[in-house]
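Each chain is listed here by its residues.
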Amino acid sequence: MFLFRCPSEADWRFTALVCFGFALIAVPTALVTGVYRWAPDLFDLELLRVALIALVLPALLEELVFRGPLIWVLEKRGRVPIWMVLISLAAFVGWHPVNAFTLMPQAASTFLDPRFIFITALFGAAVTILALRTRSLWPAIVLHWILVVSWKGLFGAPSFL
C-alpha cells in the first residue's frame, strides 16, 4: 500500500532538496510581505503540543486526502492525468478558506489572506511533486509537519494553531 511504502535514501535526499527549494522561496516571500514574522520560540511547551497534534492533523490527514488519491492512481495506472493533479492542488488550496468558514473561523484572517494562499499553493505544489516522485506519502507528511512546526516555532504562527 502506498502510504506504507518506505522511501529510499534517494527519496529522502530529494525531499530535503524540495524542502530547501520551498523554504528558499516561501520564507523570504512570507517575511517581505509580512504574512509571517521572525519570532523564534523554540522552548515553549505549546510548540510541543502543536508538534504532536500536527503530525496527525494537518500532516497525515491532509496528505491522505489531497495526495493519497494521486499515489493510488499512479500505482494503479502508472501515471496520473494532469487534470487530476490540478484538481488535487486546487482542492488543497481551496480547503484552507473553506476551513476558515467552517471549522476554524478564528483562522479566517490568515486562511483568507492572498499572501498565505500563495504560499499554500507553492507548498501544495512541493508536496505533490514529492508524492508523485517518491510514490510515497511519507515525504509529503514529513514536509507538512516541518512546515507547521516551523511556522509555530520560528515564524510566530497565530494562536489558533
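As the structure is a computational prediction, the values presented were derived from the model and not from experiment.

Reading guide: rules and limits
Residues numbered from 1 in each chain as written. Predicted model: local features only at pLDDT ≥ 70, side-chain atom pairs only at ≥ 80, totals over all residues. Heavy atoms only, no water. Salt bridge = Lys/Arg side-chain N within 4 Å of Asp/Glu carboxyl O. Buried < 20%, exposed > 50% of the residue type's maximum accessible area, 1.4 Å probe, protein only. 1 Å grid on protein atoms, 1.4 Å probe; cavity = no way out; pocket = protein on both sides within 12 Å on 5 of 7 lines; lining within 4 Å. Points joined across faces, edges and corners; volume = space filled by probe spheres on them. Helix = DSSP H or I, 4+ residues; strand = E, 2+ residues; numbered from the N terminus. Nonpolar A, V, L, I, M, F, W, Y, C, P; charged D, E, K, R; others polar. Contact = heavy atoms within 4.5 Å. Core = buried A, V, L, I, M, F, W, Y, C linked by side-chain atoms within 4.5 Å. Phe/Tyr/Trp six-rings, centres within 6.5 Å; stacked < 30°, edge-to-face > 60°. Lys NZ or Arg CZ within 6 Å of the ring centre and 35° of its normal.

A. Expanded view of the pattern of salt bridges. Within the structure shown, the criterion is met by 6 salt bridges. Put simply, Arg67 and Glu63 hold a salt bridge, and the shortest N to O gap is 2.7 Å. Residues Arg67 and Glu63 agree in their burial class; the two are buried. One salt bridge connects Arg115 with Asp113, and the closest N-O pair in it is separated by 2.5 Å. Given the relative accessible area of 13%, Asp113 is considered buried.

B. Representation of the layout of surface pockets within the structure. Considering only enclosed or pocket space, the largest pocket measures out at about 500 Å³ in volume. What lines the largest pocket is a set of 25 residues, and nearest its centre among them are Pro58, Glu62, Met104, Phe111 and Leu161. In terms of residues, the lining of the largest pocket owes the most to one element, helix 2 (residues 45–66), which gives 7 residues. For the lining of the largest pocket, a count of residues per class yields 19 nonpolar, 4 polar and 2 charged. Taken as a whole, the second largest pocket encloses approximately 190 Å³ of empty space. Cys19, Phe22, Ala23, Ala26, Val27, Tyr36, Leu143, Ile146, Leu147, Ser150, Trp151 and Phe155 are the residues that line the second largest pocket. Of the residues contributing to the lining of the second largest pocket, the split by class is 11 nonpolar, 1 polar and no charged.

C. Just helix 3 (residues 68–77), in detail. Buried within helix 3 we find Gly68, Leu70, Ile71, Val73 and Leu74. Taken together, the buried residues of helix 3 touch helix 2, helix 4 (82–101) and helix 6 (114–134). Taken from the residues just after helix 3, Gly78 is the one with a positive phi, measuring 90°.

D. Spotlight on the nonpolar core. Residues Tyr36, Phe111, Ile119, Trp151 and Phe160 are the most contacted members of the largest nonpolar core, which totals 30 residues. Elements represented by at least two residues in this core include exactly helix 1 (9–33), helix 2, helix 4, helix 6 and helix 7 (138–154). Here this core gets 6 residues from one element, more than from any other, and that element is helix 6. Grouped together as the second largest cluster of nonpolar side chains are 6 residues, Leu70, Leu74, Val80 and Val85 included.

E. Region of the structure containing the packing of aromatic side chains. A complete count under the given rule lists 10 aromatic pairs for this structure. Consider the rings of Phe111 and Phe116, whose centres lie 5.1 Å apart with planes at 20°: the pair is stacked. The residues Phe111 and Phe116 share a single accessibility class, namely buried. Taken together, the ring pairs in this structure connect Tyr36, Trp38, Phe111, Phe116, Trp151, Phe155 and Phe160 into an aromatic cluster. In this structure, Arg67 is placed above the aromatic ring of Phe92, and the distance from its NZ or CZ to the ring centre is 4.4 Å. Positioned over the ring face of Phe14 is Arg133, at 4.1 Å from the centre of the ring.

F. How the structure looks around unusual backbone geometry. The omega angle of the peptide bond from Leu57 to Pro58 is 25°, so this bond is cis rather than trans. Structurally, the position occupied by Pro58 is in helix 2. Even without a glycine there, the phi angle at Arg135 is positive, about 60°. Mapped onto the elements, Arg135 comes out in the loop between helix 6 and helix 7. Arg135 gets classed as partly exposed once you look at its relative accessible area, which sits at 31%.

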